Amino acid sequence: VKKNGKNGYQFYTGQLNAQMKEKIELEADLRQAIQRNQIFLDYQPQIRAGDSQMIGVEALVRWNHPTRGIISPGVFIPIAEETGMIYELGTWVLREACRQMKEWHNAGGPLIPVSVNLSSQQFHQSHLTEHIKGILKEVDLQPQYLELEITESMMMDAAVSSSILHKLTEHGIRISLDDFGTGYSSLSYLKNLPIHKLKIDRSFIRDITVDQNDKAIVATIISMAQHLNLDVIAEGIETKEQLEILMKNDCKEIQGYYYSRPLSADEVEEAFFAPLRI
Ligand code: C2E
Ligand code: CA
Ligand code: CA
Ligand code: CA
């Protein structure tokens, strides 16, 4: 870089400026995305391995950008978090997921819950339970059909998270610990906090057929969940070989491309709710 002197430096700032410009543009576009109906949800089925029944769906948010096409949540959720738009976006996601679930229940679909991802800021927003209660009431969905996916990193302050989780679960809302095993927090919260389910992170599944350490970690998480009376689901199952290892270790719930990619609401109805086609 020194050798090129000025040019190298200019190239670098040029690239940085382009990145910043893109981010600022996305930020501005995101402010209008909800009103312009560009935000939508896909749903990924969660399957009981024993009989291949769908036992839940995870709502995953997408942005259909007018010129860039579908943008992944990995790109725009961080922008929404940085700018405070996450509250409006998160509220929209919660309402739409609950509304869709109610519509499916009304149409004779299976009485299964929808899992919704919560960002840390949402988790810590004041009156979260009252807010969610309001949404459930508005769409007339019973609280046991809503599961919130939170991560270990939100459990850092045990007293605070305990109080939030108790309020949510006392109202009947289910809690799933997402990306389990990737956080740095201690396991002690597992014995005190009202949590229903552990979701084994995809990173432990990816190489499970060849990596003995991953296999040992996954087997241990499953066994621990059983001893703690928690449900356990594995995410990111792509192959039959991975599924077989999970089943051998008595993991009953599976989410991943092996069974299904995230689908549009219409696709879920077609593929999984045959009786709904009236
Ligand atoms: P996540 O909660 O861990 O969601 C699972 C991600 O893994 C999804 O990516 C899903 O499409 C993908 N996936 C599912 N099965 C497989 C598989 O078999 N193989 C592989 N390679 N991938 C699989 P997606 O939809 O891009 O979501 C990425 C992340 O964005 C999510 O990770 C979640 O942290 C966040 N996110 C998505 N929707 C929302 C939302 O409504 N609110 C918030 N706060 N975050 C969200
Ligand atoms: Ca999730
Ligand atoms: Ca996850
Ligand atoms: Ca993950």
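Residues numbered from 1 in each chain as written. Chains lettered and ligands numbered in written order. Predicted model: local features only at pLDDT ≥ 70, side-chain atom pairs only at ≥ 80, totals over all residues. Heavy atoms only, no water.

As annotated in an unreviewed UniProt entry, the protein chain carries the name Signaling protein YkoW and comes from Paenibacillus abyssi.

Q: Where do I start with the coordination of the calcium ion (ligand 2) in this structure?
A: Ideal geometry at a metal centre: 109.5 degrees between donors when four sit tetrahedrally, and 90 or 180 degrees when six sit octahedrally. Here the calcium ion (ligand 2) is held by E58 (OE), N117 (OD1), E149 (OE) and D178 (OD), and the distances to it run 2.1 to 2.3 Å. Of note, the donors binding the calcium ion (ligand 2) are all from one chain and are spaced E-x58-N-x31-E-x28-D. Here the calcium ion (ligand 2) and the calcium ion (ligand 3) are spaced 3.8 Å apart, with D178 acting as a shared donor. Here E149 lies in strand β5 (residues 146–151) and N117 lies in strand β4 (residues 114–117), a separation of 32 residues in the sequence. (Donors = N, O, S within 2.8 Å, 3.2 Å for Na, K, Ca; no water. Helix = DSSP H or I, 4+ residues; strand = E, 2+ residues; numbered from the N terminus.)

Q: Teacher, can you tell me more about the packing of aromatic side chains here?
A: Both the distance between ring centres and the angle between the ring planes are used here to describe each pair of aromatic rings. The final tally for this structure, using the stated rule, is 4 aromatic pairs. Judged by centre distance (5.8 Å) and plane angle (80°), the rings of W63 and F76 are edge-to-face. Residue W63 is located in strand β2 (residues 53–65), and its partner F76 is located in helix α2 (residues 73–83); the two are separated by 13 residues in the primary sequence. With respect to class, W63 is no different from F76; both count as buried. Arranged with centres 5.1 Å apart and planes meeting at 75°, the rings of Y258 and Y259 form a pair that is edge-to-face. Note on Y258: relative accessible area 32%, which makes it partly exposed. A residue is classified by how much of its surface remains accessible, and Y259, at 24% relative accessible area, is partly exposed. Among the aromatic residues, ring-to-ring pairing joins Y43, W104 and F273 into one connected group. (Phe/Tyr/Trp six-rings, centres within 6.5 Å; stacked < 30°, edge-to-face > 60°. Buried < 20%, exposed > 50% of the residue type's maximum accessible area, 1.4 Å probe, protein only.)

Q: Help me understand the confidence of the model for the protein chain, please; the structure alone is not making it clear to me.
A: Any region with low pLDDT has predicted coordinates that should not be read closely. Across the protein chain, the average pLDDT comes to 93, with 94% of residues at 70 or higher. Among the scores for the predicted complex, ipTM is 0.97 and pTM is 0.93. (pLDDT = per-residue confidence, 0-100.)

Q: Just to check I follow, could you spell out the nonpolar core for this structure?
A: Grouped burial of nonpolar side chains is what soluble globular proteins tend to show. Core analysis: the biggest nonpolar cluster contains 77 residues, and F123, L146, L168 and L246 have the highest contact counts within it. Per-element tally for this core: the top contributor is helix α3 (residues 86–106), with 8 residues. Look past the residues within four positions of L146 in its chain and what remains in contact with it is L94, C98, P113, V114, V116, I132, L136, I173 and R174. (Core = buried A, V, L, I, M, F, W, Y, C linked by side-chain atoms within 4.5 Å. Contact = heavy atoms within 4.5 Å.)

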